[in-house]
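Survey of secondary and tertiary structure
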Protein chains: 2
Amino acid sequence: MNEEIADPSHPRYQSLLMRERISEASLKGMLADSAMIAHGRGEAFDYLLGEQTIPSALEATKEVAARLVKAKKPVISLNGNAIALAGREFLTIASQLDCPIEINLFYRTPQRMGALLAHLKLLNANLELDVEILGGVPDARIPGLEGPRAACQQNGIFEADTILVPLEDGDRCEALVAMGKEVLVIDLNPLSRSSKRGTVAVVDEVSRVAKNLIQLIPEKPKITKWKNSNGLQSALDHITETMSNQFAL
Amino acid sequence: MNEEIADPSHPRYQSLLMRERISEASLKGMLADSAMIAHGRGEAFDYLLGEQTIPSALEATKEVAARLVKAKKPVISLNGNAIALAGREFLTIASQLDCPIEINLFYRTPQRMGALLAHLKLLNANLELDVEILGGVPDARIPGLEGPRAACQQNGIFEADTILVPLEDGDRCEALVAMGKEVLVIDLNPLSRSSKRGTVAVVDEVSRVAKNLIQLIPEKPKITKWKNSNGLQSALDHITETMSNQFAL
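What counts and how
- Residues numbered from 1 in each chain as written.
- Chains lettered and ligands numbered in written order.
- Predicted model: local features only at pLDDT ≥ 70, side-chain atom pairs only at ≥ 80, totals over all residues.
- Heavy atoms only, no water.
- Helix = DSSP H or I, 4+ residues; strand = E, 2+ residues; numbered from the N terminus.
- Buried < 20%, exposed > 50% of the residue type's maximum accessible area, 1.4 Å probe, protein only.
- Polar contact = N/O pair within 3.5 Å; in protein donor to acceptor, adjacent residues only side chain to side chain.
- Contact = heavy atoms within 4.5 Å.
- Least-squares fit on C-alpha atoms with pLDDT ≥ 70 in both.
- Axes fitted to C-alpha atoms, helices over the stretch in contact; angles between N-to-C directions.
- Parallel < 35°, antiparallel > 145°, perpendicular 65-115°, else oblique.
- Left-handed = near helix turned anticlockwise from the far one by under 90°.
- Nonpolar A, V, L, I, M, F, W, Y, C, P; charged D, E, K, R; others polar.
- Pairing = 2+ DSSP bridges.
- Buried area = accessible area lost by both parts, 1.4 Å probe.
- Salt bridge = Lys/Arg side-chain N within 4 Å of Asp/Glu carboxyl O.
- Right-handed = clockwise from strand over helix to strand, strands pointing away.
- Expected span 1.5 Å × (residues − 1).
- pLDDT = per-residue confidence, 0-100.

**Remarks on the side chain of B:E168**
All names here are of chain B. Along the chain, E168 turns up in the loop between β6 (162-166) and α7 (170-178). A relative accessible area of 9% means that E168 is categorised as buried. Within the structure, E168 has its side chain in polar contact with the side chain of R172 (distance 3.3 Å). Not counting residues within four places of it along the chain, the set of residues in contact with E168 comprises S77, N104, C173, L176, D187 and S194.

And the structure:
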């Protein structure tokens, strides 16, 4: 780790740690070229949220936990950034739910898929878990998407009734919703298509959400009549409050 | 260029073109590891501004043009991202002002400095300009900064009365202000220290600002009694308007 961020008392320690994880994963060939730029966009939104889990995000996380627990066939769909930032935590969550993880890449190459599979399998072994890792041998397609980004596995994303998608592309999120699935989104941008189209969207940083889910899943919370737009507007309101009258006399 | 962005009628063409320029510069060794992440942060703020030059930003750009024209010894200080995104335009501006460009890197390495010098000198020749490019042989230091980031040239940044700093680090911006210079900032984040501490801050995307400066400098606008915080609050207000009641019934 970079010496400058070795001090956990640094006010931006967590954010700098996440940046370091993305840089390391990039060096290991786990990420597409655009992954660092996407991470930067996330950093900006997290900065506007105060790099904290706001109350509405915690409520949304509880709702996500409830729906994952209730699901008949849940799947956790992870891309390179999600694995880099919280691969360990998502393995723990998959183990709590007894569900598979499916690696699901927007820019799929055999090299990147191989690097991500190897990384997750190593973590799986280190944590002494036995989570099923799918994605390496796609045998089904998400309807409505073109090219490699449609690839998925029959016994994973294709048949899932409920799918957790951190940092998901808007097109793919919409395609999953169109398949009739419950789509549980983690996204720092409250205005993204994924945030707007998901069944429940958590506007929070992915590693914070994953840690919160690990705490909430064993409590088996009950699902509610969730109105996604309320959570999103609440995140926007939090940001606008930060911005209002910053420079007033 | 990526096929997907070859169509200038695409609503996000300019933004995707800038992303492509950053990726290409990264492959050429012109950028630090964190440059792509920084670009992503900028993308998020530009997205919130609607990827356009808002009226207060155009006013601020006019003020920057006025102060550059009036300056006795102006310098344009460029880092890797600024050169990747608008190197050509800044060479034109330096030629209009008959002032030098100084390459000024936060993470200075001989390799990166060499790649950036070579890139600017090639553009200089292609444009048939004769702009002086400084930064390769630092012989002075910006007081109050430690390490390689303090390095500058006596006949460039050190002696300048007015300095244009696109995408500048907050520490260095403050150190330049402390030297008594007029510091003209280009930054998409209206809450950054550079935006707040600069004499005039333009909250706009660097290539749009550079193109506007090329139009405004020949008009030789007059300087005004500028209140920087007004421009910043105006940018914040624009963003909060976008966010207010997005999801209202």
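And the narrative resumes.
**Some remarks on the environment of A:L16**
Within the element layout of this structure, A:L16 appears in helix α1 (residues 13-27). Here the alpha-carbon distance between A:L16 and A:A32, two residues 16 residues apart in the chain, equals 20 Å.

**Looking at the relation of the copies chain A and chain B**
For the pair chain A and chain B, the best superposition has an RMSD of 0.0 Å and corresponds to a rotation of 180 degrees with a translation of 0.0 Å parallel to the axis. The operation mapping one copy onto its partner corresponds to a two-fold rotation axis. Of the interface residues in chain A, 100% have counterparts in chain B that sit at the interface too, so the contact is made through matching surfaces.

**Here's the deal with unusual backbone geometry**
Residues and elements named next belong to chain A. The backbone phi angle of E51 is positive, close to 50 degrees, even though this residue is not glycine. Looking at the element boundaries, E51 is found in the loop between α2 (35-48) and α3 (55-70). Look at E128: it is not a glycine, yet its phi comes out positive at around 55 degrees. With respect to the element layout, E128 can be found in the loop between α5 (110-126) and β3 (133-134).

**Side note on the packing of helix α3 (residues 55-70) of chain B against helix α9 (residues 206-216) of chain B**
Residue and element names in this part refer to chain B. One can describe the packing of α3 onto α9 by two numbers: an axis separation of 9 Å at closest approach and a directional angle of 55 degrees. With respect to α9, the axis of α3 lies oblique. Where α3 crosses over α9, the two elements pack in a sense that is right-handed. Residue-level contacts link L58, T61, K62, V64 and A65 of α3 to V209, N212, L213 and L216 of α9. Among the residues making up the contact of α3 with α9, the classes are represented as six nonpolar, two polar and one charged.

**Concerning the sheet that holds β6(B)**
By definition, the strands of a sheet pair up through backbone hydrogen bonds, in either a parallel or an antiparallel sense. Residues and elements named next belong to chain B. Pairing in this open sheet of six strands is parallel, and the strands run β3-β2-β1-β6-β7-β8 from one edge to the other. Both edges of this open sheet fall to β3 (133-134) and β8 (200-202), since each of them pairs with a single strand only. Lying over the sheet, helix α5 (residues 110-126) contacts β2 (101-103) and β3, oriented at roughly 155 degrees with respect to β2.

**As for the interface of chain A and chain B**
With 33 residues of chain A in contact, the opposing surface of chain B contributes 33 residues. Summing both sides of the interface, chain A and chain B together bury roughly 2,900 Å²; the carbon and sulfur share of this comes to 70%. On the chain A side of the contact with chain B, A:I37, A:M243 and A:F247 bury the most area, a combined 25% of that side's loss. Our count for the chain A to chain B interface comes out at two salt bridges. We note a salt bridge from A:E43 to B:R41, for which the minimum N-O separation is 2.7 Å. Counting residues per element, the ones that place at least two in the side of chain A that touches chain B are α2 and α10 (228-243) of chain A.

**Looking at the pairing of strand β1 (residues 74-78) of chain B**
Residue and element names in this part refer to chain B. Most of β1 sits out of view: five of its five residues are buried. With burial as the criterion, each face of β1 is covered, one bearing P74, I76 and L78 and the other bearing V75 and S77. The pairing of β1 with β6 spans three bridges and is parallel. Among the inter-strand pairings, V75 is bridged to a residue of β6, identified as I163. Following the backbone out of β1, through helix α4 (residues 80-97) and into the adjacent parallel β2, one traces a crossover that is right-handed.

**A short note on helix α2 (residues 35-48) of chain B**
A rise of 1.5 Å per residue sets the reference length of α2(B), with its 14 residues, at 20 Å; its end C-alpha atoms lie 20 Å apart and thus fit the reference within 8%. The element α2(B) is largely enclosed, with a buried count of 11 among its 14 residues. Listing the buried residues of α2(B) in full gives B:A35, B:M36, B:I37, B:H39, B:G40, B:G42, B:E43, B:A44, B:F45, B:D46 and B:L48. For α2(B), the secondary structure elements touched by its buried residues are α1 and α2 of chain A together with α1 (13-27), α4, α9 and α10 (228-243) of chain B. Backbone geometry just downstream of α2(B) places B:G50 in the positive-phi region, at approximately 85 degrees.

**Concerning the confidence of the model for chain A**
Averaged over all residues, the pLDDT of chain A equals 93, while 97% of them reach at least 70. Reported for the predicted complex are a pTM of 0.92 and an ipTM of 0.89.

**Observations concerning the side chain of B:T61**
Residue and element names in this part refer to chain B. For T61, the position within the fold is in helix α3. By relative accessible area, which is 0% here, T61 ends up buried. A polar atom in the side chain of T61 sits 2.7 Å from the backbone oxygen of A57. If sequence neighbours within four positions are ignored, T61 has contacts with V202, V209, N212, L213 and L216.

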